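Observations on the three-dimensional arrangement
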Amino acid sequence: MSSSRELSAVVGLAMILAAGTGARGAEPGYFGYGTKATPEQIAGWDIDARGGDGAGLPAGNGTVHRGADVYAEQCAACHGTFGEGEGRFPKLVGGAGTLRHDRPELTVGSYWPFAPTLWDYINRAMPMPAPHTLSADDVYALTAYILNLNDIVPGEFVADRESLPKVKMPNRDNFLWTDPRPDTMAKPCMNACVDPAGIKIVSTAEGKNLTPRTTGPLDTMQAK
Amino acid sequence: MRPNLWRSISLLSGRDGARAPLGRRSFLGLGAAFTGSFALGSTPANAEPASPPADAPWSQSIGAGVVDRPYGRPADTEAGVIRRNVPWLTAGTESSVSFSPLQDLHGIITPNGLFFERHHAGRPDIDPDQHRLMIHGLVERPLVLTMKDIVRFPSTSRIHFIECPANGGMEWRAAQINSLQFNHGMVSCAEWTGVRLSTLLEEVGIRKEAKWVMVEGADGAHMNRSLPLDKCLDDCLVVYAQNGEALRPEQGYPLRLVVPGWEGNVNIKWLRRIKLGDKPWFSREETSKYTDLMPDGTSRGFTWLIDAKSVITFPCPEKPLHGPGLYEIRGLAWTGNGKIKRVDVSTDGGVNWQTARLHEPVLSKALTKFTLPWRWDGQPALLESRVIDETGYVQPTIAELRKQRGTNSVYHNNSIQTWQVKPDGSVFDVQLT
């Protein structure tokens, strides 16, 4: 490192320290650490596909029919033959029209707003014991199959980078993407804030037998 | 001396020299009594062998030497102070959560081995020499950084809590879980050391179209979330250390993101990729999960902020009272909106409140300790704490939250916890009208 570079490093560090949080001190490449990411390196890790517009979806395609085969082999053990879920593993199908119910069922069909997200998630995280090992075509096929199980696309649907962003998911328009909180306006009253006669215990955890033990070895309790 | 030898020593029961052998079993019983009464100052029932006038066996022997435990560990009698899970909650332990034992913690810093865990594809064990962080997308010069590169950048240490937004999520409908640990233990707090994310982003050069940042982990879930660029430039840290030592594998070793005051899920562990873009990604973790379903069937997304919350950590179901008298009510408060301004405590279910004492340090987006002396008369009591943060926001009751959000939103239950104290001193999780 040349002495002028050293000097500028010291000055730059001092500027950053002086500027505090949110400092916009240095020019790109100022520190010069690391190596430039090569196109090959980026291609290997640049796996994301955006839900809203499908940007990043790769070439390839998959049919509902092919998806049924991949699903039976890779997915059915946990998610059930028809997406109904095994044990506590997630259901992928059903729940349409239940979102206002007392016990809503949140599935790909009833809840997910964007079809490309399904491709992205299967690709990055599934199958659970061997994530990110399926081909792009197989992931497209699984996406097509699961959408078809939910009656969102017809049996002849072919999933690819063009078709998936165009799929209108049933719950697409029911999300608010800006946070409306604070949505409560409690006041910090100090004395005689409520009528003591009106205070009732409406629920208690006592006797519900849902609480694992908090001493001794780890609990292995299962649901009643 | 071997560290376990003292366990088998016959303990003197008194001055008369009569020996009362205290085997492992009864010793552990004694230990449990110690643990259970630590915060109360009462006397264990069978403590005579170590109480005056007797001289304890550990006072009449030589202890284990230095480096007997080259990396220290808690006393054997604290073996029950551990992270715990709710086995019936998830399909397996790989995509699951464990809860920090808040009932046994005494400060604002969570010991590294007790920091709550949330994994989506289990805990990867990563070789730091092979780990890489790639920063690309709408940047001037995409970079690949090694851990050595990252540690070389200017370093910053800050104390921040991390809370899973599902903390308390089992209580939306009703009081169900009789435990401080399981109702509130998905919050922990540590001193984090690393480099400001803004430093890394300035180093790669942010293109002017960039508005959003996708962060992704190296775990099997390739966990990813979208964050607004403004937050990334404000106070996010890319950290490699936790409470002064390297991150624990469960907390993202060798590298994680800390997004101060925002829901735990965005604090990506095992961080390997940062990509800048012009729109959010709408990943699975910010659409099908970590969104809040409202009674009218709509959902709220991108609800990152952790609203102000507090909880009384003593007494609690795990730490009941032992007879009337003077106690110190203790608790923790936190807010993603900055600092805690005030905590009030009620012993009558919210009719009357007293302002508790806040203990220094009161740090932004960190756990804050509060206490209030209380003389318990042995009568039934309903204990509550209520925090007010520096924005003036007041912690709501569960009834107020339900009025806005119903019972199906899973996340962001920051309501006031009510502990019912019965005349026998036992404590139960309840909800009031």
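From a predicted model like this one, the values you see are computed outputs, not experimental measurements.

With that settled, consider the overall build of chain B. What chain B contains, in helices and strands, is six helices and 25 strands. A buried classification covers 51% of the 433 residues belonging to chain B.

Turning our eyes to something else, we now look at unusual backbone geometry. A negative phi angle characterises most non-glycine residues, just as the trans form characterises most peptide bonds. Between A:Arg181 and A:Pro182 the backbone carries a cis peptide bond, its omega angle lying at 5°. Each neighbour pair has its own omega, and for B:Phe314 with B:Pro315 the value is -5°, a cis peptide bond. Assignment of secondary structure puts B:Pro315 in the loop between strand 17 (309-314) and strand 18 (325-334). Notably, A:Ala192 is not glycine yet its phi reads approximately 45°, a positive angle. Turning to its location among the elements, A:Ala192 is positioned in the loop between strand 4 (175-176) and strand 5 (201-204). For A:Ala192, a count of 9 C-beta atoms within 10 Å corresponds to the exposed category. One non-glycine residue, A:Asn209, lies in the positive phi region at around 60°. Tracing the chain through its elements places A:Asn209 in the segment after strand 5. Overall, A:Asn209 belongs to the exposed group, with 9 C-beta atoms counted inside 10 Å.

Each partner contributes to the interface: chain B provides 87 residues, whereas chain A provides 83 residues. In terms of residue class, the side of chain B that touches chain A is built from 36 nonpolar, 29 polar and 22 charged. Note: strand 1 (residues 35-36) of chain A against strand 6 (residues 143-146) of chain B, two bridges, orientation antiparallel. Residue pairing in the sheet places A:Thr35 in a bridge with B:Val144 of strand 6 of chain B.

Looking now at the confidence of the model for chain B. All names here are of chain B. The predicted model of chain B has a mean per-residue pLDDT of 91, with 89% of residues at 70 or higher. By mean pLDDT, the top-scoring element of chain B is strand 13 (residues 256-258) (99), and the lowest-scoring one is strand 1 (residues 11-12) (35). Note that pLDDT drops below 50 for residues 1-42; the model gives that stretch 50 contacts with residues more than four away or on any other chain. In the predicted complex, the global pTM is 0.89; the interface-specific ipTM is 0.89.

Residue and element names in this part refer to chain A. With 14 residues, helix 6 (residues 136-149) extends 20 Å between its outermost C-alpha atoms, agreeing within 8% with the 20 Å of an ideal straight helix rising 1.5 Å per residue. Among the 14 residues in helix 6, 12 count as buried, and that is most of the element. Of the residues making up helix 6, those classed as buried are Asp138, Val139, Tyr140, Ala141, Leu142, Thr143, Ala144, Tyr145, Ile146, Leu147, Asn148 and Leu149. Contacts from the buried residues of helix 6 go to strand 2 (61-63), helix 3 (64-74), helix 5 (115-125) and strand 3 (158-160). Positioned one or two residues after helix 6, Asp151 has a phi angle of 60°, which is positive.

The rules behind each value
- Residues numbered from 1 in each chain as written.
- Chains lettered and ligands numbered in written order.
- Predicted model: local features only at pLDDT ≥ 70, side-chain atom pairs only at ≥ 80, totals over all residues.
- Helix = DSSP H or I, 4+ residues; strand = E, 2+ residues; numbered from the N terminus.
- Buried ≥ 20, exposed ≤ 12 C-beta atoms within 10 Å, placed from the backbone.
- Contact = placed C-beta atoms within 7 Å.
- Nonpolar A, V, L, I, M, F, W, Y, C, P; charged D, E, K, R; others polar.
- Pairing = 2+ DSSP bridges.
- pLDDT = per-residue confidence, 0-100.
- Expected span 1.5 Å × (residues − 1).

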